[in-house]
Amino acid sequence: MFLIVAKYLIPKGYRGLTAFPFVFVKYPKDKTNAVLLNHEKIHIRQQIEFLILPFFIWYLTEYLVRLLQYKNANLAYKNISFEREAYANESNIEYLRDRPLLQFRNYLLLKKK
């Protein structure tokens, strides 16, 4: 994982973005934010499991489905299965150690958050 501070690359309202093998954070202080980095590491693992490009295709497709479902961009983003898994486990620093393969599947249920 390569950690890069890129203030202008990160969309407004977000603090991190992951595109294997890079993790971009908005501010220098984010380089030491364990919860944020764990969230992004979960995305690294998800991307590896999907061989990177299929991850982004699934991510975009699911975002569009959620956007149709919720008619709200932020709600659509928060309900992408990959994001639901990352947000649910970002505070558990040990999560990736024992995480089962393709664990995001447990977060696919179409459920409003």
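Let me sum up the structure you'll find in this document. Predicted model, so just to flag it, every value in this text is computed and none were measured. (Residues numbered from 1 in each chain as written. Predicted model: local features only at pLDDT ≥ 70, side-chain atom pairs only at ≥ 80, totals over all residues. Heavy atoms only, no water.)

1. Things to note about helix α1 (residues 34-49)
Okay, step 1: An ideal rise of 1.5 Å per residue puts 22 Å on 16 residues; α1 measures up with 22 Å between its terminal C-alpha atoms.
Okay, step 2: When we look at burial in α1, the residues that qualify are Leu36, Leu37, Asn38, His39, Glu40, Ile42, His43, Ile44, Gln46, Gln47 and Glu49.
Okay, step 3: Buried positions along α1 lie against β1 (2-5), β2 (16-19), β3 (22-25), α2 (53-70), α4 (81-89) and α5 (95-98).
Okay, step 4: Positive phi shows up at Leu51, right after α1, with a value of about 60°. (Helix = DSSP H or I, 4+ residues; strand = E, 2+ residues; numbered from the N terminus. Expected span 1.5 Å × (residues − 1). Buried < 20%, exposed > 50% of the residue type's maximum accessible area, 1.4 Å probe, protein only. Contact = heavy atoms within 4.5 Å.)

2. Some details on the packing of α2 against α4
Okay, step 1: Across the interface, α2 lies against α4 with an axial gap of 9 Å and an inter-helix angle of 95°. Classified by the interaxial angle, the pair formed by α2 and α4 is roughly perpendicular. Residues Phe55, Trp58, Tyr59 and Glu62 of α2 pack against Ser81, Phe82 and Glu83 of α4. (Axes fitted to C-alpha atoms, helices over the stretch in contact; angles between N-to-C directions. Parallel < 35°, antiparallel > 145°, perpendicular 65-115°, else oblique.)

3. Section: the nonpolar core
Looking at soluble globular proteins, one finds that nonpolar side chains tend to be buried together.
Okay, step 1: Listed in full, the seven residues of the largest apolar core are Phe50, Phe55, Tyr59, Tyr77, Ile80, Phe82 and Phe104.
Okay, step 2: With sequence-adjacent residues up to four places away left out, Phe55 is seen in contact with Gln46, Gln47, Phe50 and Phe82.
Okay, step 3: Core analysis: the next-biggest nonpolar cluster, separate from the first, contains five residues, Val25, Leu36, Leu37 and Ile44 among them. (Core = buried A, V, L, I, M, F, W, Y, C linked by side-chain atoms within 4.5 Å.)

These figures capture arrangement, not role.
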